[in-house]
Amino acid sequence: MSELLYLDHNATTPIDPEVLAAMLPWLESEFGNPSSLYSLGRRSAAALTKAREQVASLVGAQPSEIIFNSCGTEATNTAILSALAIDPDKRHIITSAVEHNATIKLCEYLATRGYEITWLPVDKDGILDPEKLESAITADTAVVSLLWANNETGVLFPIDEIVSITTRRKVPLHLDAVQAAGKVPINLEELGVQYASLSAHKLYAPKGVGALYVNRRARYTPLFRGSQEESKRGGTQNVASIIAFGKAAELAQVHLSIAAERIGKLRDHFEQTLLSAVAGVRRNGTDEPRLPNTSNLTFTGIEAETALLLFDKEGLCCSAGSACSSGSINPSHVLTAMGVSRDEARASLRFSLGRTTNDTEIDRALEIIPRVIAKLRAAQPASGSPVHITD
Ligand code: PLP
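Residues numbered from 1 in each chain as written. Predicted model: local features only at pLDDT ≥ 70, side-chain atom pairs only at ≥ 80, totals over all residues. Heavy atoms only, no water.

**Q** Teacher, can you tell me more about the domain arrangement of the protein here?
**A** One frequent convention defines the size of an interface as the accessible area lost when the parts assemble. By the assigned domains, the protein splits into domain 1 (5–12 + 256–378) and domain 2 (17–252). For domain 1 versus domain 2, the distance between C-alpha centres works out to 27 Å. Across the boundary between the two partners, domain 1 contributes 29 residues, which contact 32 residues of domain 2. A combined buried area of about 2,500 Å² lies between domain 1 and domain 2, and 56% of that area is made up of carbon and sulfur atoms. Looking only at domain 1, the three residues that lose the most surface to domain 2 are Leu 256, Leu 291 and Arg 355, adding up to 27% of its buried area. On the surface where domain 1 and domain 2 come into contact, there are 0 salt bridges. Summed over the shared surface of domain 1 and domain 2, the number is 16 residue pairs in polar contact (both at pLDDT 80 or more). Every element with two or more residues in the side of domain 1 that touches domain 2 is listed here: α9 (239–277), β10 (294–299) and α11 (333–337). Of the residues belonging to the side of domain 1 that touches domain 2, the class tally is 11 nonpolar, 15 polar and 3 charged. (Domains from an automatic or database assignment. Contact = heavy atoms within 4.5 Å. Buried area = accessible area lost by both parts, 1.4 Å probe. Salt bridge = Lys/Arg side-chain N within 4 Å of Asp/Glu carboxyl O. Polar contact = N/O pair within 3.5 Å; in protein donor to acceptor, adjacent residues only side chain to side chain. Helix = DSSP H or I, 4+ residues; strand = E, 2+ residues; numbered from the N terminus. Nonpolar A, V, L, I, M, F, W, Y, C, P; charged D, E, K, R; others polar.)

**Q** Would you take a moment to explain the side chain of Asp 16 for this structure?
**A** For Asp 16, the position within the fold is in the loop between β1 (5–6) and α1 (17–23). Taking the relative accessible area as the measure of exposure, Asp 16 reaches 14% and is therefore buried. Among the polar contacts made by the side chain of Asp 16, one reaches the side chain of Arg 355 at a distance of 3.0 Å. Apart from residues lying up to four places away in sequence, Asp 16 is in contact with Tyr 204, Leu 251 and Arg 355. (Buried < 20%, exposed > 50% of the residue type's maximum accessible area, 1.4 Å probe, protein only.)

**Q** Please clarify how the nonpolar core should be interpreted in this entry.
**A** For soluble globular proteins, the rule of thumb is that nonpolar side chains tend to be buried together. Ile 66, Trp 148, Phe 157, Ile 186, Leu 188 and Phe 245 are the most contacted members of the largest nonpolar core, which totals 67 residues. At 10 residues, the largest contribution of residues to this core is made by α9. Taken domain by domain, the makeup of this core includes at least three residues from each of domain 1 (5–12 + 256–378) and domain 2 (17–252). Among all residues touching Ile 66, those that are not within four sequence positions of it are Arg 52, Val 55, Ala 56, Val 59, Ala 61, Ala 211, Leu 212, Tyr 213 and Glu 229. By size, the runner-up hydrophobic cluster in this structure holds 32 residues, among which are Ala 320, Ala 347, Val 372 and Ile 373. (Core = buried A, V, L, I, M, F, W, Y, C linked by side-chain atoms within 4.5 Å.)

**Q** Mind showing me how you'd approach unusual backbone geometry here?
**A** Negative phi values dominate among residues other than glycine, just as trans dominates among peptide bonds. The omega torsion across Glu 288 and Pro 289 is -5°, close enough to zero to call that bond cis. Looking at the element boundaries, Pro 289 is found in the loop between β9 (281–283) and β10. One non-glycine residue, Tyr 204, lies in positive phi territory at about 70°. Structurally, the position occupied by Tyr 204 is in the loop between β7 (195–199) and β8 (210–214).

**Q** Mind showing me how you'd approach the sheet that holds strand β6 (residues 173–176) here?
**A** Strand-to-strand pairing in sheets goes through backbone hydrogen bonds, with the strands running parallel or antiparallel. Taken together, the 7 strands give an open sheet; going across it, the order is β2-β8-β7-β6-β5-β3-β4, and neighbouring strands pair in mixed fashion. Strand pairing shows two members of the sheet lacking a second neighbour, β2 (66–69) and β4 (116–120), which therefore form its edges. Taken over all neighbouring pairs, the strand axes of this sheet differ in orientation by 20° on average, direction set aside. With 5 bridges connecting them, β7 and β8 associate as antiparallel partners. Looking at β8, one finds that Ala 196 is bridged to Tyr 213. (Pairing = 2+ DSSP bridges. Axes fitted to C-alpha atoms, helices over the stretch in contact; angles between N-to-C directions.)

**Q** For this particular structure, what's the right way to read the side chain of Thr 141?
**A** One can find Thr 141 in strand β5 (residues 141–147). For Thr 141, a relative accessible area of 2% translates into the label buried. Of note is the side chain of Thr 141, whose polar atom sits 2.8 Å from the side chain of His 92. A polar contact of 2.8 Å, which involves the side chain of Thr 141, links it to the backbone nitrogen of Thr 138. Beyond its immediate sequence surroundings of up to four residues, Thr 141 is in contact with Lys 90, His 92, Ile 94, Ala 136 and Val 171.

**Q** I tried to follow helix α6 (residues 159–168) on my own but got confused; where do I start?
**A** The α-helix winds at 3.6 residues per turn, so residues separated by three or four positions along the chain end up facing the same way. Ile 159, Ile 162, Val 163, Ile 165 and Thr 166 are the residues of α6 that are buried. Projected onto a plane normal to the axis of α6, the buried residues spread over an arc of 160° and lie on a single side. Among the exposed residues of α6, those oriented more than 90 degrees off its buried face are Asp 160 and Arg 168. With its phi angle positive at about 55°, Lys 170 sits one or two positions after the end of α6. (Arc of directions from axis to C-beta.)

**Q** Whenever I open this one, the pairing of β10 confuses me. Can you help?
**A** Each regular strand shows side chains that alternate between the opposite faces of the sheet. Within β10, 6 of the 6 residues are buried, which leaves it mostly tucked inside the rest of the structure. Neither face of β10 is open: one carries Thr 294, Asn 296 and Thr 298, the other Ser 295, Leu 297 and Phe 299, and all of them are buried. The pairing of β9 with β10 spans 3 bridges and is antiparallel. Each residue of the ladder has a partner; that of Arg 283, found in β10, is Leu 297. Bridge analysis of β10 against strand β12 (residues 348–352) gives 5 bridges, and the strand direction is antiparallel. Within β12, the residue paired with Asn 296 across the bridge is Arg 350.

**Q** Before we go on, may I ask you to explain the packing of helix α10 (residues 304–313) against helix α13 (residues 359–379) in this structure?
**A** Two packed helices can be described by the angle between their axes and the distance between those axes. Between α10 and α13, whose axes approach to 10 Å, the crossing angle comes to 130°. On the basis of their axis angle, the class for α10 and α13 is oblique. Here the hand of the crossing between α10 and α13 comes out right-handed. From α10, Thr 306, Ala 307, Leu 310 and Phe 311 reach across to α13, where they touch Ile 368, Ile 369, Val 372 and Leu 376. Looking at the contact of α10 with α13 residue by residue, the classes come out as 7 nonpolar, 1 polar and no charged. (Parallel < 35°, antiparallel > 145°, perpendicular 65-115°, else oblique. Left-handed = near helix turned anticlockwise from the far one by under 90°.)

Shown next as structure tokens:
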């Protein structure tokens, strides 16, 4: 088996060794329930307090505004449902056509329960026009829920303008910050947003732990009833994973500017080389503003799924579309919303670099990708076989 060449950090990240070291004691001797009153339990509770401060610090929040939970999807569901509970007479939700499935599937479900959903469009570069948001808001609008950074293209939405519109129009705003956290600076306090979703496994911590930011002045209704997290999210906390999340948030803050600049340069070199060295390659999504680690490219005439299999033989991991519901026969909804044809969307690959991605790995990727693309183009006409959609 070839050495692993992992360029799929938007799907998930490896656990940082320092994060693993921080969490291990909490899987071994420090197994106390943080709600228990004896010292074993109190140590767990104290560790949760520290993790809450670390996560809050990464996103410019107060620790009391961070509610730990199981994942970004839970955070997004909780935020939207919480906002809907504020005024049950309001039945209109505004979101965009390029959201993560965490938002899309919930809104599709809510549509079957009588809610009206506005799916804001994006332009060919994946950019959202704030004026379209402004004109979509009505007296019936209960919540606006939008991505900060798109998981497939890395395109950043105009958050400042979005917040100024929802603030002026007095509509609660939820931001899906799962891909943005740790990759771009975030200050939720300054921004004045009501809810934001976070997920640890995009930050070099384990899967299955996340957080919802709820501004202290925003109304909130729990999804899981219970006494933990000050009754805001029932269920005994996943102590070891939350501690890992805290450590990962601390490291993300340390690495943020330096890593982003280095990764951005490496991504630009990777992307520019492919755009100039391989015929029939196009970037999906604007160059800027975009996450520094993400490159989504269409290689005309190929089948992305077959490319993934050939890359896999060489140890190279990347994604076709986004990574959650593998086996989907639909081309990426993000790309089609940007006006990319179904065939071109099926010929698109997402490469997402990470903190440990280095020059040698990018050189290797730049050797493998053109060779595999040439082989595919020589061997197969594009067919309509399924694309694996991964987050
Ligand atoms: N939102 C975005 C933008 C994502 O990329 C993901 C990733 O999976 C999620 C939400 C869901 O997060 P989780 O996997 O923690 O449920």
